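What follows is the residue order along each chain.
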Amino acid sequence: MSSRTLPLLFINLGGEMLYILDQRLRAQNIPADKAKKVMNDIITTMFNKKFLEELFKPQELYSKKALRTVFDRLAHASIMRLNQASMDKLYDLMTMAFKYQVLLCPRPKDILLVSFNHMDAIKDFVRDTPSILSQVDETYRQLIEIYTPLSAGEFQLIRQTLLIFFQDMHIRVSIFLKDKVQNSNGRFVLPTSGPVPCGTQIPGLIRMFSCTGEEVKRAQFRNGGNYTSALREGSFEMFGERVIKLGTNMYSVSRPVETHMSGTSKNSAQHTKVNTAPNPLAKEELNLLAKLMGGLEVQRPSNTDSGFRVNLFATDEEEEEALISRPEEFSYEVINIQATKDKQASAELQKIMGEFQEAGEPAPSSSSKGDDLLAMMDGL
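Each value, and the rule that gives it
Residues numbered from 1 in each chain as written. Predicted model: local features only at pLDDT ≥ 70, side-chain atom pairs only at ≥ 80, totals over all residues. Heavy atoms only, no water. Buried < 20%, exposed > 50% of the residue type's maximum accessible area, 1.4 Å probe, protein only. Helix = DSSP H or I, 4+ residues; strand = E, 2+ residues; numbered from the N terminus. Pairing = 2+ DSSP bridges. Expected span 1.5 Å × (residues − 1). Arc of directions from axis to C-beta. Axes fitted to C-alpha atoms, helices over the stretch in contact; angles between N-to-C directions. Parallel < 35°, antiparallel > 145°, perpendicular 65-115°, else oblique. Contact = heavy atoms within 4.5 Å. Nonpolar A, V, L, I, M, F, W, Y, C, P; charged D, E, K, R; others polar.

1. Some words on the pairing of strand β5 (residues 215-220)
Here comes step 1: Within β5, only zero of the six residues are buried, leaving the element largely exposed.
Here comes step 2: Relative to β5, strand β4 (residues 205-209) runs antiparallel, the two sharing five bridges. Within the sheet, the bridge partner assigned to leucine 205 lies in β5 and is glutamine 220.
Here comes step 3: Remark: five residues form the turn of the hairpin made by β4 and β5, two consecutive strands paired antiparallel; glycine 213 in that turn has positive phi of roughly 90°.

In C-alpha cells form, the structure reads like this:
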C-alpha cells in the first residue's frame, strides 16, 4: 500500500463531485449567484490550508465510511443541502467515475495527469475569485513537488492501492452503460484499441538477440486489437496540455446520469458484512478523520443566504424510492461534524466512534486516544 495515495484520491473524487454538482445546479436552474457561491464555498473548503497540511502527510488510506464522512461534510459546506439518497448517488457517481479513470490510465504515472485535469477544471470554476485561485495554485505546486519525482514503480503502487480501494464497487452508471464501457454487472470494459501508452510500441513484433546484443531474428504475431502509435506525453507542469482526456468533465445538462446497484455489488456487500473483522486501527483512523475534519472550515449560511436543496434524481419520488431500495451496506447516514467548542461536536464524534466500535472494537477507556481526540477537537 502506498502512503502517498490519499491526496490523489481526495482531489480526483473532489473534482468529480464538482462536475456533478455544477451539472445539477444548472439543470435545476439555480440562480447563477447562488450556484457560484456553492462552488466557491466547496472549493474554498477543499483547499483549506490546515486541511491540506493533514491530507498531504504520508499516511495509509482509511475506510470508505471515513472518506464518505469527509465528503458529506464537504458537500454541505455551503447553502446547498442534499438528502441522503442524493448524497448516496453523488458519492456513487464520484467513485465510479474515478475508478474508471484509474482502470483506463495508459500508464500508472498518468494518474497524475488525470489529477491535473481535475485541478485545471477546478481552477476554471474559480477563475474570477483570486483568493480561492491562490489556494488551488498552492496545491498544484505541492502536487508537482511531491509526485513528479516519483518512479514508475511508486506510481504503480499508488494505482494498485486505488484499485484495491475500489475493487468491491460495481455500481452501474447510465453514461458508462450507454457508451458501452461498462457491463450490466457493473464491471468496466477495457479497450483493445486506440493509442498505446507513451514510450511503448504497438504490440505484434518479437525481436530475438544474440548474446552479443545483435538482432538475429524477428517474428510477428496478431495482437488481437486495433492499436495505434502512442500520443505525445502530456504536460506535468502547472500549465500545459495534458493530452489525456480522462478526468475531464463528462456531464452535461442534457445528459442526465442514473446509477443502479448491480447484483454483484449487493452480493459483495452482504459477503463483506458477514466477514467484517474488528478493526484494530479504528481509533487511529478516527483521530486522522477528526484532524481532517477540524481543518475543514464550513461556511455558515447568514440570514441573507437562503439555503436550497439539490436533487440528483429527476423527481422527489425517484429520490425517495432510491433511498428505500438501496442496500443498507451501501447507504450511510449523512453526518455533519462541527469542529467547534460545543456539545454537538463531542456528540457527533462519539457517534462516529460508536460506528467503528460496531465492527468489534472495544469501548475506549478514559485514557484512550478517542478521549484525546475529543479534547483536541474541543480545543480547535
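Once you've had a look at it, read on.
2. Comments concerning helix α7 (residues 130-147)
Here comes step 1: In this model, α7 (18 residues) spans 25 Å end to end at C-alpha, consistent with the 26 Å of a helix rising 1.5 Å per residue.
Here comes step 2: Every buried residue of α7 is accounted for by Ile132, Val136, Asp137, Thr139, Tyr140, Leu143, Ile144 and Tyr147. Summarising the axial view, the buried residues of α7 lie within an arc of 160°, below the 170-degree limit, and thus occupy one face. Set apart from the buried face of α7 by more than 90 degrees, the exposed residues are Pro130, Ser131 and Glu145.

3. Describing the packing of helix α1 (residues 6-27) against helix α2 (residues 32-46)
Here comes step 1: One can describe the packing of α1 onto α2 by two numbers: an axis separation of 11 Å at closest approach and a directional angle of 170°. With respect to α2, the axis of α1 lies roughly antiparallel. Of the residues in α2, those touching α1 at Phe10, Gly14, Met17, Leu18, Leu21, Asp22 and Leu25 are Ala35, Val38, Met39, Ile42, Ile43 and Met46.
Here comes step 2: Residue composition of the contact of α1 with α2, grouped by class: 11 nonpolar, one polar and one charged.

4. Here's the deal with the environment of glycine 199
Here comes step 1: Position of glycine 199 among the secondary structure elements: in the loop between β3 (193-195) and β4.
Here comes step 2: Judged by its relative accessible area of 78%, glycine 199 is exposed.

5. A closer look at the side chain of aspartate 137
Here comes step 1: Mapped onto the fold, aspartate 137 is located in helix α7.
Here comes step 2: Looking at aspartate 137, the relative accessible area reads 16%, which means it is buried.

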